[in-house]
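Read off the chains here:
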Amino acid sequence: MKTYISLIALASFLLAVWACEKAGTDNPFDDQIGPPPVDTTTVPPDMTSITGLHARIFAPTCANSGCHDGTFEPDFRTIESTYNTLVYHPIIKNNPQGDYTYRVVPGDPDASQLMARLTYDIDGQSGIMPLIVDQGAEWNTHSAEFIQYIRDWIQAGAKDVFGQSYSPLDAVPFMRGCQGLVQGVTMERAEGGAGAIRIPQSVDQITLYFSLADDKTLPQNLTVNEIRFASGPDDFFGQAGLQMEVLDNPISGKGFSDPVVAFTHRVTIDPRQYASLDETVYFRIYVQDSSNPLTEIPTNAGAYYFKNYFSFTIIE
Ligand code: HEM
């Protein structure tokens, strides 16, 4: 019996060696005549579509690590995040003239801040996108062609992945700025002006001003107009709201990205009721335009730097 089994084992071993040697010898491509077969299955990306632009430009050249990979906006990781953070998406940085409102305005490349960021230094100190290009990236040899593809896509209506043009029935309101005034003096902000409002602990009254914009409803005609405070950036559930005042005569001041904006909403509080020394309080506003449901600014999904901008810290 034992001999029988070892004979079988030997036979199968010899068979395997023979098969390998047989397989090892013939390279089916040796007798390949002419060029290797062309892969006809993969269709080259259509550069008139957001899918093609994402495949050859936004994903490889913009969403690289530490850049628009979710670290900051626009978010070029996926086709959807690219579309949602570009088309009719409010900008962060403007040129000194304040020419831009949205990153992409379908049908209007020249009004689209994206085209500006790809073609000139918007404020003389921010550089032209992409700020860094990886070696071997197609951008190095195709940049002019790629910029033209993006321009053509916008001109053709900036269609989404389904080939639909965005039809902004009524975009939701968004903020253009927020500032805190104590006896008419604008309080400084942390982090070079983009962070929390810094309020000295001696202050017992501060007025928070808000600048808002909407494509169909005048800011003064927005309704609800409430503000809520919370000790954490996302702890707003169940917080009580405070009514804000809407100004017939707005005041002007520095906006989040615009040099000058009109502040139409305000509320006066005693900051010490919300925080003690070195504590930070976050706030959100709730407004409603003529057709959309209640809009919360910012939201839980919003970038942290917006939540940080909508906060104050009690300092020495
Ligand atoms: C072709 C590829 C890229 C495109 C289309 C692009 C587009 C943009 C746009 C539209 C903005 C302005 C956002 C706003 O103000 O609302 C922006 C900002 C920014 N981008 Fe890019 N970007 C690209 C590549 C990169 C890369 C590779 C880096 C990193 C090295 C980078 C770093 C930044 C930074 C730091 C900001 C914020 C500061 C500023 O506004 O200058 N970008 N980018």
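The model shown is predicted, which means the values in this text are computed figures rather than measured ones. (Residues numbered from 1 in each chain as written. Predicted model: local features only at pLDDT ≥ 70, side-chain atom pairs only at ≥ 80, totals over all residues. Heavy atoms only, no water.)

Draft legend 1. Quick peek at the coordination of the iron atom of the ligand. Of the protein atoms, only H68 (NE2) and M129 (SD) coordinate the iron atom of the ligand, at distances of 2.0 to 2.4 Å. The coordination sphere of the iron atom of the ligand comprises six donor atoms, whose angles at the metal cover 86 to 178°; the geometry is octahedral. Here the residue H68 occupies a position in the loop between α2 (50-62) and α3 (79-84), and M129 occupies one in the loop between α4 (113-119) and α5 (139-155), the gap between them amounting to 61 residues. According to the relative accessible area criterion, M129 is partly exposed, its value standing at 21%. (Donors = N, O, S within 2.8 Å, 3.2 Å for Na, K, Ca; no water. Tetrahedral: all angles 85-135°; square planar, octahedral: opposite > 155°, others 65-115°. Helix = DSSP H or I, 4+ residues; strand = E, 2+ residues; numbered from the N terminus. Buried < 20%, exposed > 50% of the residue type's maximum accessible area, 1.4 Å probe, protein only.)

Draft legend 2. Looking closely at a nonpolar patch on the surface. On the surface, L10, F13, L14 and V17 cluster together into a nonpolar patch covering about 380 Å² of accessible area. One can find V17 in helix α1 (residues 2-25). Owing to a relative accessible area of 32%, V17 belongs among the partly exposed residues under this scheme. (Patch = residues over 30% accessible without salt bridge, like charges linked within 9 Å, V, L, I, M, F, W, Y side chains within 5 Å. Areas by Shrake-Rupley, 256 points an atom, 1.4 Å probe, with all protein chains shown as cover. Salt bridge = Lys/Arg side-chain N within 4 Å of Asp/Glu carboxyl O.)

Draft legend 3. View of the domain arrangement of the chain. Considered domain by domain, the chain is made up of domain 1 (7-155) and domain 2 (174-315). The C-alpha-based centres of domain 1 and domain 2 are spaced at 38 Å. Between domain 1 and domain 2, the residue contacts involve ten residues of the former and seven residues of the latter. Both sides of the domain 1 and domain 2 interface together cover about 710 Å² of buried area, and 59% of this is carbon and sulfur. For the pair domain 1 and domain 2, the number of links is zero salt bridges. Along the contact surface separating domain 1 from domain 2 lie zero residue pairs in polar contact (both at pLDDT 80 or more). (Domains from an automatic or database assignment. Contact = heavy atoms within 4.5 Å. Buried area = accessible area lost by both parts, 1.4 Å probe. Polar contact = N/O pair within 3.5 Å; in protein donor to acceptor, adjacent residues only side chain to side chain.)

Draft legend 4. Just the site of the ligand, in detail. Surveying the vicinity of the ligand reveals 21 residues, the closest of which are C62, C67, H68, R103 and M129. Between an oxygen atom of the ligand and a side-chain N or O atom of Q113, the distance comes to 3.0 Å. Within the contact set of the ligand, an oxygen atom lies 2.8 Å away from a side-chain nitrogen or oxygen of R117. At the level of elements, α2 and α4 are the ones that each hand at least two residues to the shell around the ligand. It is α4 that contributes the most residues to the shell around the ligand, four residues altogether. Tallied by class, residues from the shell around the ligand come to 13 nonpolar, five polar and three charged. (Near = heavy atom within 4 Å. Nonpolar A, V, L, I, M, F, W, Y, C, P; charged D, E, K, R; others polar.)

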